[in-house]
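Each chain, written out:
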Amino acid sequence: MNASILITGGAGYIGSHMVLAAASAGFTPVILDDFSTGHMDAITQGVAVSGNIADRALLRSILAEHSPACIMHFAAKSLVAESVEKPELYWKNNVEDAAILMEAAAEAKIPFIFSSTAAVYGMPEYTPMDEAHPTAPINPYGETKLAAERKLEEYRLSHGLNYGILRYFNAAGAAPGGVIGERHEPETHLIPLAIRAAMHGTEMKIFGDDYDTQDGTCLRDYIHVLDLCDAHLRLYNYIQTLRPSQPASERIFNLGTGTGFSVREVIETTAKITGKTIHAITHPRRAGDPPALVANGSRAKNILGWKPKHSDLATIIEDAFRFHQNERIS
Ligand code: UDP
């Protein structure tokens, strides 16, 4: 029988792609999702369980039934603006509930892979940012992700939990089949909004064009969701080689390409790929947006042997566009 991987948030954007990647790598995906933001029809493989990561009895029964080789934890709240409005929701979901899942992993001696974010760094002190960059989040989303990272380290020290952390820069794109993709409600991310503006002829907003960047708009490091999933499988293999005494600094990896694209460049590339004119109007800066977030991803490349294969901007937008076209048809 195939080994299984427990994928929390497997009905969400990145989690649903991880389900496909885990199945392709020969694992049976076991999905735990409460469907608060995930979509049942995003689950294309594996065994799905509807429930919450903080349900201890449910966790015990899933772990006993499937004995997963690893837990990959994607179930979290991830919108910066919402986190500012509802910090308590973010502390509950991303820290308190996540700690219950970590505790279950620690007790059952199951390795744990955690989806973290560049938001843990806050305002860049230098760029590109490596893992040693100071962590000083500027919003509750980043604060809660950093707090969850620290919990993992506590469980390593107290229970010998074997874990790894991936700090994503800007996740984007979709599996080329066009069946699963990014579907947040409300959508706040640049690439899906640019595609929607192109497809529907609606206006979109550029949040600030007076930053100290080449064209005045913010720079971001976009990374294809397929490359993120590949990094998870590599990290799974890598953490098997770690000793419990190896600290957080050896368990954390940035995932980014090292190249930043401006908001205007993303909009122009989207217009080219979709063959449409995009009406983009400059608005004031969005609160909490750093001017540039660009990763130094050398650690992941050198230690995990990870090399982004799908993350050029055109491929990201083409794959995302295919998904949005299918979404309109279905
Ligand atoms: N952005 C924009 N218009 C939009 C959505 C986003 O100008 O409708 C900008 C946003 O201010 C940021 C960049 O695009 O500079 C990427 O934002 P996104 O929300 O996609 O990702 P984030 O970097 O916030 O995680």
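Residues numbered from 1 in each chain as written. Predicted model: local features only at pLDDT ≥ 70, side-chain atom pairs only at ≥ 80, totals over all residues. Heavy atoms only, no water.

Participant: Describe the overall build of the protein chain, with residues and values.
Facilitator: Scanning the protein chain for helices and strands turns up 10 helices and 14 strands. The C-alpha radius of gyration computed for the protein chain amounts to 19 Å, which stays within 12% of the reference 20 Å derived for 330 residues, consistent with globular compactness. Excluding contacts between residues fewer than 6 apart, the proportion of contacts in the protein chain whose partners are at least 24 apart in sequence is 77%. Accessible surface for the protein chain amounts to roughly 13,900 Å². Of this, 52% is attributable to carbon and sulfur atoms. Treating the 29 positive side-chain charges of the protein chain as one cloud and the 38 negative ones as another, the clouds have centres 3 Å apart. (Helix = DSSP H or I, 4+ residues; strand = E, 2+ residues; numbered from the N terminus. Rg over C-alpha atoms; globule rule 2.2 N^0.38 Å. Contact = heavy atoms within 4.5 Å. Areas by Shrake-Rupley, 256 points an atom, 1.4 Å probe, with all protein chains shown as cover. Lys, Arg positive; Asp, Glu negative; His and termini not counted. Charge placed at Lys NZ, Arg CZ, Asp CG, Glu CD.)

Participant: So what's going on with the pattern of salt bridges? Residues and values would help.
Facilitator: Two side chains with opposite charge may pair up if their charged atoms get near one another. One pass over the structure, following the stated rule, counts 13 salt bridges. Residue Glu185 pairs with Arg196 through a salt bridge whose shortest N-O separation is 3.6 Å. Residue Glu185 is found in the loop between strand E7 (170–172) and helix H6 (190–200), and its partner Arg196 is found in helix H6; the two are separated by 11 residues along the sequence. Arg286 is paired through a salt bridge with Asp289; the nearest N and O atoms lie 3.2 Å apart. Since its relative accessible area comes to 37%, Arg286 is described here as partly exposed. On the basis of relative accessibility, which here comes to 15%, the residue Asp289 falls in the buried class. Several salt bridges converge on common partners, so that one network encompasses Arg220, Arg286 and Asp289. (Salt bridge = Lys/Arg side-chain N within 4 Å of Asp/Glu carboxyl O. Buried < 20%, exposed > 50% of the residue type's maximum accessible area, 1.4 Å probe, protein only.)

Participant: If you had to explain the site of the ligand to someone new, which residues and values would you point to?
Facilitator: As a structural note, the neighbourhood of the ligand is formed by 14 residues, with Leu190, Lys205, Arg220, Arg286 and Asp289 the closest of them. Note that an oxygen atom of the ligand is positioned 2.7 Å from one of the side-chain N or O atoms of Arg220. Its free accessible area being 520 Å², the ligand has 89% of it covered by the protein chains. Of all the secondary-structure elements, those providing two or more residues to the shell around the ligand are H6 and strand E8 (203–207). Classifying every residue of the shell around the ligand gives 7 nonpolar, 3 polar and 4 charged. (Near = heavy atom within 4 Å. Polar contact = N/O pair within 3.5 Å; in protein donor to acceptor, adjacent residues only side chain to side chain. Nonpolar A, V, L, I, M, F, W, Y, C, P; charged D, E, K, R; others polar.)

Participant: Lay out the sheet that holds strand E6 (residues 163–168) in plain terms, naming residues and giving numbers.
Facilitator: Consider a sheet: its strands pair through backbone hydrogen bonds, and that pairing is either parallel or antiparallel. Read from one edge to the other, the open sheet built from 7 strands follows the order E3-E2-E1-E4-E5-E6-E11, with strand pairing classed as parallel. Every other strand in the sheet has two partners, leaving strand E3 (47–50) and strand E11 (252–255) as the edge strands with one partner each. For this sheet, the mean inter-axis angle between neighbouring strands, taken without regard to orientation, is 20°. The sheet contact formed by strand E1 (residues 4–8) and strand E4 (residues 70–73) spans 4 bridges and is parallel. (Pairing = 2+ DSSP bridges. Axes fitted to C-alpha atoms, helices over the stretch in contact; angles between N-to-C directions.)

Participant: Pulling in residues and values, what's your account of the packing of aromatic side chains?
Facilitator: Between two aromatic rings, the relevant description is the distance of the centres plus the angle of the planes. Enumeration according to the criterion identifies 3 aromatic pairs in this entry. Geometrically, the ring pair formed by Tyr121 and Phe169 is tilted, given 6.5 Å between the ring centres and 35° between the ring planes. Pair noted here: Tyr121 is in the loop between strand E5 (112–117) and helix H5 (140–159) and Phe169 is in the loop between E6 and E7, with a separation of 48 residues, a long-range link. Overall, Phe169 belongs to the buried group, its relative accessible area being 7%. Between Tyr238 and Phe253, the ring centres sit 5.9 Å apart and the planes meet at 90°, which makes this aromatic pair edge-to-face. Note that Tyr238 is positioned in helix H7 (residues 225–239) and Phe253 in strand E11, a separation of 15 residues in sequence. Each member of the pair, Tyr238 as well as Phe253, is classed as buried. (Phe/Tyr/Trp six-rings, centres within 6.5 Å; stacked < 30°, edge-to-face > 60°.)

Participant: Residues and numbers for unusual backbone geometry, please.
Facilitator: Omega for the peptide link from Thr127 to Pro128 comes to -5°, which places this bond in the cis form. Along the chain, the position of Pro128 falls in the loop between E5 and H5. Cis peptide bonds are those with omega within 30 degrees of zero, and the linkage from Glu185 to Pro186 qualifies with 0°. One non-glycine residue, Ser67, lies in positive phi territory at about 35°. With respect to the helices, strands and loops of the structure, Ser67 is situated in the loop between helix H2 (56–66) and E4.

Interpretation in functional terms is not warranted from these geometric data alone.
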